[in-house]
Amino acid sequence: MANQAAEILKLVDPADLPELPGQADDEKPKRKSAADELLELVNASGVILFKDEYGAAFAAVPVDERQEVHSLRSKAFRLWLNRVFYQAKDRALQSDAMRMVRDTLEAQAVFDGPTKTLALRVASGPDGAFYYDLCGDSWQAVRVDDSGYTIKLPPILLRRRSNSGPQVMPRKSGKGLRSFLDFVNVKNQADRNLLLVYLCLCCVPDIPRLVLVVHGEKGAGKSFLLRLVRRIVDPAPLELQIVPNDKSELALTLASGSFVAFDNVDHLQPWQSD
């Protein structure tokens, strides 16, 4: 009898057998969550995850023909994720999925990503040239070498802060740097020359920074001079600031730009001077 049953089973195609309860559901592929779908889209986009020299998570995201550098906790990166998901899936992304994706990408950047030093406004390129970030929507920079300058996408990663403002497009028909002196109230020729040298040094990366101290009587144009220097070196929506009385706040303020202008400073506490 056993032999006969075995022979019968050989003739039966398993595909013809009736489905057992729950069998069809188990064999169906599970639907991917929105978070998993977004992670796949991000990984396929060519994004570069890394951490800066302080351990903060960043991403170099491809936008059109350029790369934009954003903190993974920034609004700009969140908007980029929303844009990637909507363009691919034609539907909005839920906040819970966004949070899970950002947490996952941050962990990948911190624990698995390389460490990259990010420059603010000015940096040295691998070709030996200086690069000055124009902070415009096109993410172009001014490349400066011994032969002159050109406007191009930089071959290096440049970061931007919330107080980084766009610079005007340079033009070769300008009158030169000395025309800056026509707008400031600096009479001593030695001080005028020193101010011009200071402006040049602000655009040279990887050197110690001098502190420009402007003093004079009320109404002498000190604040106006600082505003002009800021617009040339490192334009910002908030041009002049006050010296914070909190150490952490002062550190954040100093890190908000490559040039920070403090206005109406009557005195400095020892820790602020240090």
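Before going into details, it helps to say that this report is about the structure given with it. (Residues numbered from 1 in each chain as written. Predicted model: local features only at pLDDT ≥ 70, side-chain atom pairs only at ≥ 80, totals over all residues. Heavy atoms only, no water.)

Examining the nonpolar core
- Within the largest apolar cluster, 22 residues are counted, with the highest numbers of intra-cluster contacts made by Leu38, Leu72, Phe77, Trp80, Leu81 and Leu105.
- When contributions to this core are tallied by element, the ones reaching two or more residues are α3 (34-44), β2 (57-63), α4 (75-89) and α5 (95-111).
- Listed in part, the 17 residues of the second largest apolar core include Phe180, Leu196, Leu199 and Phe259. (Core = buried A, V, L, I, M, F, W, Y, C linked by side-chain atoms within 4.5 Å. Buried < 20%, exposed > 50% of the residue type's maximum accessible area, 1.4 Å probe, protein only. Helix = DSSP H or I, 4+ residues; strand = E, 2+ residues; numbered from the N terminus.)

Considerations on the side chain of arginine 192
- Within the fold, arginine 192 resides in helix α6 (residues 189-201).
- It turns out arginine 192 is buried and unbridged, and the closest side chain with the opposite charge, aspartate 182, is 5.1 Å from it.
- Once residues within four sequence positions are removed from consideration, arginine 192 is found in contact with Leu181, Val186 and Lys187. (Lys, Arg positive; Asp, Glu negative; His and termini not counted. Salt bridge = Lys/Arg side-chain N within 4 Å of Asp/Glu carboxyl O. Contact = heavy atoms within 4.5 Å.)

Notes on unusual backbone geometry
- Despite not being glycine, cysteine 135 shows a phi value in the positive range, around 55°.
- Structurally, cysteine 135 can be placed in the loop between β6 (130-133) and β7 (141-145).

Points about the packing of aromatic side chains
- A full pass over the atoms with the stated rule returns 3 aromatic pairs.
- Their ring planes at 25° and their centres at 5.8 Å tell us that phenylalanine 77 and tryptophan 80 sit as a pair that is stacked. In this pair, phenylalanine 77 and tryptophan 80 are both assigned in helix α4, 3 residues apart and thus about one turn of the helix distant.
- A residue is classified by how much of its surface remains accessible, and phenylalanine 77, at 0% relative accessible area, is buried.
- Ring geometry for tyrosine 198 versus phenylalanine 259: centroids 6.5 Å apart, planes at 70°, classification edge-to-face. In this pair, tyrosine 198 sits in helix α6 while phenylalanine 259 sits in the loop between α8 (247-254) and β11 (261-262), placing the two residues 61 residues apart along the sequence.
- Directly above the ring of tryptophan 139 sits arginine 160, whose terminal nitrogen or CZ lies 3.7 Å from the centroid. (Phe/Tyr/Trp six-rings, centres within 6.5 Å; stacked < 30°, edge-to-face > 60°. Lys NZ or Arg CZ within 6 Å of the ring centre and 35° of its normal.)

Considering the pattern of salt bridges
- One pass over the structure, following the stated rule, counts 15 salt bridges.
- Of the charged contacts, one joins glutamate 239 and arginine 227 as a salt bridge, the two residues approaching to 2.9 Å between their closest N and O atoms. In this pair, glutamate 239 is assigned in the loop between α7 (222-233) and β10 (240-241) and arginine 227 in helix α7, connecting sequence segments 12 residues apart.
- Relative accessible area serves as the criterion here: at 13%, glutamate 239 is assigned to the buried category.
- Each member of the salt-bridge network shares a partner with another, and the members are Glu37, Lys89 and Arg91.

Quick word on the side chain of aspartate 234
- Relative to the helices and strands, aspartate 234 is located in the loop between α7 and β10.
- For aspartate 234, the contacting residues outside a window of four places in its chain are Arg121, Tyr132, Val229, Gly257, Ser258 and Phe259.

A few points about the sheet that holds β2
- A sheet is described by the order of its strands in space; here 3 strands give the open sequence β1-β2-β3, paired in antiparallel fashion. This sheet does not close on itself; its edge strands, each paired only once, are β1 (48-51) and β3 (66-71). On average, each strand axis in the sheet is tilted by 25° relative to the strand beside it, whichever way the strands run.
- Packed on one face of the sheet, α4 meets β2 and β3 and runs near 45° to β2.
- Sitting on the sheet, α5 is in contact with β1 and β2, with an inclination near 60° to β1. (Pairing = 2+ DSSP bridges. Axes fitted to C-alpha atoms, helices over the stretch in contact; angles between N-to-C directions.)

Brief notes about the packing of α3 against α4
- Interaxial distance between α3 and α4 falls to 10 Å at its minimum, and their mutual angle equals 100°. Our classification of the angle between α3 and α4 gives roughly perpendicular. Residues Ala34, Glu37, Leu38, Leu41 and Val42 of α3 lie in contact with α4, whose contacting residues are Trp80, Leu81, Val84, Phe85, Ala88 and Lys89.
- Residues that form the contact of α3 with α4 fall into these classes: 9 nonpolar, no polar and 2 charged. (Parallel < 35°, antiparallel > 145°, perpendicular 65-115°, else oblique. Nonpolar A, V, L, I, M, F, W, Y, C, P; charged D, E, K, R; others polar.)

What to know about the pairing of β7
- As paired elements, β6 and β7 share 4 bridges and run antiparallel to each other. Across the sheet, residue aspartate 133 finds its bridge partner in β7, namely alanine 141.
- Bridging between β7 and strand β8 (residues 148-152) involves 5 bridges; their strand directions are antiparallel. Counterpart to alanine 141 in the pairing with β8 is lysine 152.

The quantities given are spatial measurements derived from coordinates; they are silent on function.
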